[in-house]
Amino acid sequence: MPLAGPARRALPAAAPAALAGARPVPYWLDQPGRPPPEPPLNRATAAGLAVIGGGFTGLWTALLAKERDPAADVVLLEGRAIGWAASGRNGGFCAASLTHGLANGRARFPAEIAELDRLGMTNLDEIAGAIARYRIDCAAERTGELVVAVAPWQLAGLHADAEAARALGHDVQVLDSGGVRAEVASPTYLGGVWYRDTCLMLDPARLAWGLRRACLEAGVRIYEHSPVTDVTGEGRAGLRVLTRDGTVLAGRVALGTGAYRPLLRRLRHYLVPVYDYALVTEPLATAELASIGWRNRQGLADAGNQFHYYRLTADNRILWGGYDAVYYNGGRISAARDANPATFARLAEHFFQTFPQLAGLDFTHAWGGVVDTCSRFCVFTGTAHGGRLAYAAGYTGLGVGAARFGANTMLDLLHGEQTERTSLTMMRTRPVPFPPEPARSAVIQLTRASIARADRSDGRRDLWLRTLDRLGLGYDS
Ligand SMILES: Cc1cc2nc3c(=O)[nH]c(=O)nc-3n(C[C@H](O)[C@H](O)[C@H](O)COP(=O)(O)OP(=O)(O)OC[C@H]3O[C@@H](n4cnc5c(N)ncnc54)[C@H](O)[C@@H]3O)c2cc1C
């Protein structure tokens, strides 16, 4: 049980001390209920559809394929365990936005934003429907998201975004500093906008595990600890999917491999692995929770370019993540990078600046994960091997909800169907590629430095960022 507030350590020692006992594992994956793994593939088999990747993209693809045709023969191959990667270690903000936020969507797809917004809301409603229908116990709460300004320059953008959301028919509440602090008490808040209908807060690992169960019950054959090493064409017979100890001869293949080394070479130009980090506190005592309010349990984010996202868990811990979006030069993914002590310390410091009344609270978990970042921050899809293989990737840190849309679009493409989804510019075109290394690292680090400078300079974007804006390019987590 947590200590009572006054007995706790005070700032400034609070931040490093609070991390001393934090376990370096994702909070969501460190809870009871993790299913035992399905056995790996160790033989030759065949399938109508082979889905590669057991995160939200792969899970929804397999499940939707069975919903479309219960007789479909679907295999899902996961390199490690279902939901171990980004899908099981994120903030659990399941947003309607398909475009990494309305502002990004309006900037990049102005002619389609109303349609994208409508399709995103339908997708979110259908996710909520599936959670209920499959009885997935993932603590889903449609509390919406509260975006707060923590510097005066952020207020104008916040209000413009609220106006744009309202014009699309959303339930939006603009709050002044008193109003926002009445919702959640932080001395740093200057104003806020509560988007009441566009976000479902949930436990992502339990969603992944629930989707896994729904897939198995629908007859999907799942193989875990079965990394796919190659996909090759077999003419009319389809595609051969190779793992270390087995193969699948598949009529169609769907790739949902996130930020990991793409099995399709061309995708390497469009995706970079960006690390995002998060902390979780011990459960708040009743008095501690009362000291911040937060009765409406919204997901929260601040409005800087480098932003924090935070939320309550079902047992009233606070998950606090974001801010640093780290690209390690060379772009290699490694387990060692799931921990970044400097970023953890920075996050902890910012936490106590936001909630000084919680000084002395301890963090129990600190972890990182990889985000599949593309230069326009939102999912793109396409096909290869004469339309027999489809891919969906590039969610750039907002894929919990959008993954289902990417999955549905892949199935449309694999069936050769022209739908509202496949007709979207966002889905028909690809983002601008990143340059190869070492230029890639140089460009990304320059951009990160410029973004940090903009946040320190009242949001003023330097020549480099303005040039990227003009070219429709960017970097984010
Ligand atoms: C710390 C953090 C916080 C985040 N917070 C949020 C948030 O609050 N809201 C939000 O919307 N998004 C958030 N995101 C992003 C979100 O988690 C992702 O966009 C989403 O989970 C992507 O799902 P995915 O299935 O495409 O990828 P992943 O979950 O990464 O799954 C890909 C899977 O493919 C498997 N794989 C890869 N290669 C192979 C292979 N060759 N063979 C077999 N399997 C393979 C991997 O093992 C992995 O399981 C966050 C991400 C992180 C890391």
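None of the values given here were measured: they were computed from a predicted structure.

1. Observations regarding the overall build of the protein
Working step 1: When its secondary structure is counted, the protein shows 14 helices and 18 strands.
Working step 2: The C-alpha atoms of the protein give a radius of gyration of 22 Å, which matches the 23 Å a tight globule of 477 residues would have.
Working step 3: Taken along its principal axes, the extent of the C-alpha atoms in the protein is 70 × 50 × 45 Å.
Working step 4: For the protein, the proportion of contacts with a sequence separation of at least 24, taken over those separated by at least 6, is 76%.
Working step 5: For the protein, the computed accessible surface area is about 18,800 Å², with 56% contributed by carbon and sulfur atoms.
Working step 6: When the 51 basic and 45 acidic side-chain charges of the protein are each reduced to a single mean position, those positions are 5 Å apart.

2. Concerning the sheet that holds strand β4 (residues 145-149)
Working step 1: Taken in spatial order, the eight strands line up as β5-β6-β4-β13-β14-β15-β12-β16 in an open sheet, and their pairing is mixed. Where the open sheet ends on each side, the last strands, each with one partner, are β5 (172-176) and β16 (363-373). Looking at each pair of strands side by side, their axes are set apart by 20° on average, direction ignored.
Working step 2: Its contacts with the sheet place helix α5 (residues 154-167) against β4, β5 and β6 (191-195), and it is angled at close to 20° to β6.
Working step 3: Along the sheet face, helix α9 (residues 341-354) touches β12 (272-281), β14 (308-312), β15 (318-326) and β16 and points at about 130° away from the line of β15.

3. Quick notes on the site of the ligand
Working step 1: Every one of the 36 residues lining the ligand counts as a neighbour, but T57, E78, S87, F93 and V228 are closest to it.
Working step 2: A86 has a polar backbone atom sitting 3.2 Å from an oxygen atom of the ligand.
Working step 3: Here a nitrogen atom of the ligand sits 2.8 Å away from a polar atom, N or O, in the main chain of F93.
Working step 4: For the ligand, whose accessible area on its own is 1,000 Å², the fraction buried by protein is 95%.
Working step 5: Counting only elements with at least two residues in the shell around the ligand, the list comes to α2 (56-68) and β16.
Working step 6: Among the elements that make up the shell around the ligand, the one with the highest residue count is β16 (three residues).
Working step 7: Residue classes in the shell around the ligand are distributed as 17 nonpolar, 16 polar and three charged.

4. Some points on the environment of F380
Working step 1: By secondary structure assignment, the location of F380 is in strand β17 (residues 380-384).
Working step 2: Exposure remark for F380: the relative accessible area of 0% places this residue in the buried category.
Working step 3: Along the primary structure F380 and P356 are separated by 24 residues, whereas in three dimensions their C-alpha atoms are 41 Å apart.

5. A few points about the pairing of β4
Working step 1: Counted residue by residue, β4 has five buried out of five residues, so it is predominantly covered.
Working step 2: On β4, burial covers both faces: E145, V147 and A149 on one face and L146 and V148 on the other are all buried.
Working step 3: Pairing analysis gives five bridges linking β4 to β6, with the strands arranged antiparallel. Bridging across to β6, V147 finds its partner in V193.
Working step 4: Note: β4 against strand β13 (residues 299-302), four bridges, orientation parallel.

6. Focus on the pattern of salt bridges
Working step 1: Scanning the entire structure with this criterion turns up 23 salt bridges.
Working step 2: Its salt-bridge partner being D73, residue R221 comes within 3.0 Å of it at the nearest N-O pair. Taken as a pair, R221 in strand β8 (residues 221-223) and D73 in the loop between α2 and β2 (74-77) lie far apart in primary sequence, 148 residues in all.
Working step 3: With relative accessibility at 23%, the residue R221 sits in the partly exposed group.
Working step 4: When the shortest N-O distance is used, the salt bridge between R89 and D338 registers 3.4 Å. You can see R89 sitting in the loop between β2 and β3 (93-95) and its partner D338 sitting in the loop between β15 and α9, a full 249 residues away along the chain.

7. Quick notes on the state of the cysteines
Working step 1: Inspection of the entire model under this criterion finds zero disulfides.
Working step 2: C215 takes part in no disulfide bond, and the closest cysteine sulfur, belonging to C138, lies 14 Å away.
Working step 3: This cysteine, C378, is not joined by any disulfide, and C374 carries the nearest cysteine sulfur, 5.9 Å off.

8. Re unusual backbone geometry
Peptide bonds are trans in most cases, and residues, glycine excluded, mostly fall at negative phi.
Working step 1: Backbone torsion omega between E437 and P438 reads 5°, so that peptide bond is classified as cis.
Working step 2: Position of P438 relative to the elements: it lies in the loop between α12 (425-428) and α13 (439-456).
Working step 3: Not every positive phi belongs to a glycine, and N316 is a case in point at roughly 60°.
Working step 4: You can see N316 is positioned in the loop between β14 and β15.
Working step 5: A positive phi angle, close to 70°, is found at F377, a residue other than glycine.
Working step 6: Inspection of the secondary structure puts F377 in the loop between β16 and β17.

9. Comments concerning α5
Working step 1: Over its 14 residues, α5 runs 20 Å from end to end, which matches the ideal 20 Å to within 8%, given 1.5 Å per residue.
Working step 2: Listed as buried for α5 are Q154, L158, A162, A164 and A165. The buried residues of α5 occupy one face: seen down the axis, they fall within an arc of 165°. Within α5, the exposed residues directed more than 90 degrees away from the buried face are A156 and A167.

Analysis parameters
Residues numbered from 1 in each chain as written. Predicted model: local features only at pLDDT ≥ 70, side-chain atom pairs only at ≥ 80, totals over all residues. Heavy atoms only, no water. Helix = DSSP H or I, 4+ residues; strand = E, 2+ residues; numbered from the N terminus. Rg over C-alpha atoms; globule rule 2.2 N^0.38 Å. Contact = heavy atoms within 4.5 Å. Areas by Shrake-Rupley, 256 points an atom, 1.4 Å probe, with all protein chains shown as cover. Lys, Arg positive; Asp, Glu negative; His and termini not counted. Charge placed at Lys NZ, Arg CZ, Asp CG, Glu CD. Pairing = 2+ DSSP bridges. Axes fitted to C-alpha atoms, helices over the stretch in contact; angles between N-to-C directions. Near = heavy atom within 4 Å. Polar contact = N/O pair within 3.5 Å; in protein donor to acceptor, adjacent residues only side chain to side chain. Nonpolar A, V, L, I, M, F, W, Y, C, P; charged D, E, K, R; others polar. Buried < 20%, exposed > 50% of the residue type's maximum accessible area, 1.4 Å probe, protein only. Salt bridge = Lys/Arg side-chain N within 4 Å of Asp/Glu carboxyl O. Disulfide = S-S within 2.5 Å. Expected span 1.5 Å × (residues − 1). Arc of directions from axis to C-beta.

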